[in-house]
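For reference, the chains in residue letters:
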Amino acid sequence: TQLLEQSPQFLSIQEGENLTVYCNSSSVFSSLQWYRQEPGEGPVLLVTVVTGGEVKKLKRLTFQFGDARKDSSLHITAAQPGDTGLYLCAGAMSRNQGGKLIFGQGTELSVKP
Amino acid sequence: DAGVIQSPRHEVTEMGQEVTLRCKPISGHNSLFWYRQTMMRGLELLIYFNNNVPIDDSGMPEDRFSAKMPNASFSTLKIQPSEPRDSAVYFCASSLEWNTEAFFGQGTRLTVV
């Protein structure tokens, strides 16, 4: 059972286009983290959102946490070839749910020049 | 700090052999995670330790898999006997607390032939 559904799984776009990646769950998380993974490396944290409705911006990347803390989105404006990579969302379960960090299946993004 | 250190980086073994993967977490981190990553299933949580104690091992596929954390600076994941379907990249990650940023090692690419 996949607790975190991430979509789309694959995305191939042209440089300059905008895109949105979604992360959905029926579970409530204490926080939602977004990671980026390069080939041959482990995932690296981009941002953590904690409060329902929270919006965080990182240059051309905008992250949003749903009001109910069950879903999140990542929006990239004017994508560049350097944005190519695997993007992963991860939900931190509450302490009384075990406190573990679970990942979505990831979105493989390819930005063509 | 050198970050999370995993060894070996690559392991090729024959079916039926015992495999031991090693992890040194970042000093001072209280939580340690073992994940397995495949194209089909993404990044799956195998087991999670907090203060060296296994908190959740529900992701461990079967009895062939076992993990230990004898002290705060070392953990092992053992597969015995190994099978071809165990082939994957295994990641170790550590975090300061249960819901903070997870720092990943570079992973061990395991191939069982």
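No experiment lies behind these values; they were computed from the predicted model shown.

Definitions and limits used
Residues numbered from 1 in each chain as written. Chains lettered and ligands numbered in written order. Predicted model: local features only at pLDDT ≥ 70, side-chain atom pairs only at ≥ 80, totals over all residues. Heavy atoms only, no water. Helix = DSSP H or I, 4+ residues; strand = E, 2+ residues; numbered from the N terminus. Buried < 20%, exposed > 50% of the residue type's maximum accessible area, 1.4 Å probe, protein only. Contact = heavy atoms within 4.5 Å. Polar contact = N/O pair within 3.5 Å; in protein donor to acceptor, adjacent residues only side chain to side chain. Disulfide = S-S within 2.5 Å. Pairing = 2+ DSSP bridges. Axes fitted to C-alpha atoms, helices over the stretch in contact; angles between N-to-C directions. Buried area = accessible area lost by both parts, 1.4 Å probe. Salt bridge = Lys/Arg side-chain N within 4 Å of Asp/Glu carboxyl O. Core = buried A, V, L, I, M, F, W, Y, C linked by side-chain atoms within 4.5 Å.

**A look at the environment of Arg 85 of chain B**
Residue and element names in this part refer to chain B. By the secondary structure assignment, Arg 85 is in the loop between strand E8 (74-79) and strand E9 (88-95). You can call Arg 85 exposed: its relative accessible area is 54%. Each C-alpha atom of the pair Arg 85 and Thr 111 lies 9.0 Å from the other, and the pair is 26 residues apart in sequence. Excluding residues that lie within four positions of it along the chain, Arg 85 makes contacts with Glu 62 and Arg 64. A polar contact of 3.3 Å, which involves the side chain of Arg 85, links it to the side chain of Glu 62.

**Brief notes about the state of the cysteines**
All names here are of chain A. For the coordinates displayed, the defined rule picks out 2 disulfides over all chains. The residue that forms a disulfide with Cys 23 is Cys 89, at a sulfur-sulfur distance of 2.0 Å. Of note, the bridge from Cys 23 to Cys 89 carries an S-S torsion of about 75° and is right-handed in sense. Taken together, the positions of Cys 23 in strand E3 (residues 19-24) and Cys 89 in strand E9 (residues 85-92) put the pair 66 residues apart, joining distant regions of the chain. Neither Cys 23 nor Cys 89 differs from the other in exposure class; each is buried.

**A word on the sheet that holds E3 of chain A**
Residues and elements named next belong to chain A. Read from one edge to the other, the open sheet built from 5 strands follows the order E1-E3-E8-E7-E6, with strand pairing classed as antiparallel. For this open sheet the edge positions go to strand E1 (5-7) and strand E6 (55-58), each flanked by a neighbour on one side alone. Averaged over all pairs of adjacent strands, the angle between their axes in this sheet comes to 15°, without regard to strand direction. Where E6 and strand E7 (residues 61-65) come together, 4 bridges link them in antiparallel fashion. If you follow Leu 58 over to E7, its bridge partner there is Leu 61.

**Some thoughts on the interface of chain A and chain B**
With 22 residues of chain A at the contact, the number on the chain B side is 23 residues. Buried area between chain A and chain B, both sides added, is near 1,800 Å², and the carbon and sulfur share of it is 50%. At the boundary of chain A with chain B, the tally comes to 1 salt bridge. Here Lys 100 of chain A ties to Asp 56 of chain B by a salt bridge, and the two come within 2.8 Å at their closest N and O atoms.

**Considering the pattern of salt bridges**
One pass over the structure, following the stated rule, counts 12 salt bridges over all chains. With a shortest N-O distance of 2.9 Å, Asp 83 of chain A and Arg 60 of chain A are connected by a salt bridge. On the criterion of sequence distance, the pair formed by Asp 83 of chain A in the loop between strand E8 (71-76) and E9 and Arg 60 of chain A in the loop between E6 and E7 is long-range, its members being 23 residues apart. Given a relative accessible area of 6%, Asp 83 of chain A falls into the buried group. For Arg 60 of chain A, a relative accessible area of 25% puts it in the partly exposed group. In this structure, Asp 86 of chain B and Arg 64 of chain B form a salt bridge, with 2.7 Å as the shortest nitrogen-oxygen distance. With Asp 86 of chain B in the loop between E8 and E9 and Arg 64 of chain B in the loop between strand E6 (53-56) and strand E7 (65-71), this residue pair connects regions lying 22 residues apart in the sequence. Per residue, the accessibility class of Asp 86 of chain B equals that of Arg 64 of chain B, and both read buried. One connected set of salt bridges, linked through shared partners, spans Glu 62, Arg 64, Glu 83, Arg 85 and Asp 86 of chain B.

**Re the nonpolar core**
Residue and element names in this part refer to chain A. Core analysis: the largest hydrophobic core is formed by 22 residues, its most contacted members being Leu 19, Leu 32, Trp 34, Leu 74, Ile 76 and Leu 109. If you list the elements that add at least two residues to this core, you get E3, strand E4 (31-37), strand E5 (44-49), E7, E8, E9 and strand E11 (107-112). Not counting the four nearest positions on each side in its chain, Ile 76 is found in contact with Glu 17, Asn 18, Leu 19, Arg 60, Leu 61, Asp 83, Tyr 87 and Leu 109.

**Topic: the sheet that holds E7 of chain B**
Residue and element names in this part refer to chain B. Taken in spatial order, the 4 strands line up as E1-E3-E8-E7 in an open sheet, and their pairing is antiparallel. At either margin of the open sheet sits one strand with a lone partner, and together these are strand E1 (5-7) and E7. Across this sheet, the average inter-strand angle for adjacent strands is 15°, counted without regard to direction. By the bridge criterion, 5 bridges tie strand E3 (residues 19-24) to E8 in an arrangement that is antiparallel. Along E8, the bridge assignment pairs Cys 23 with Ser 75.

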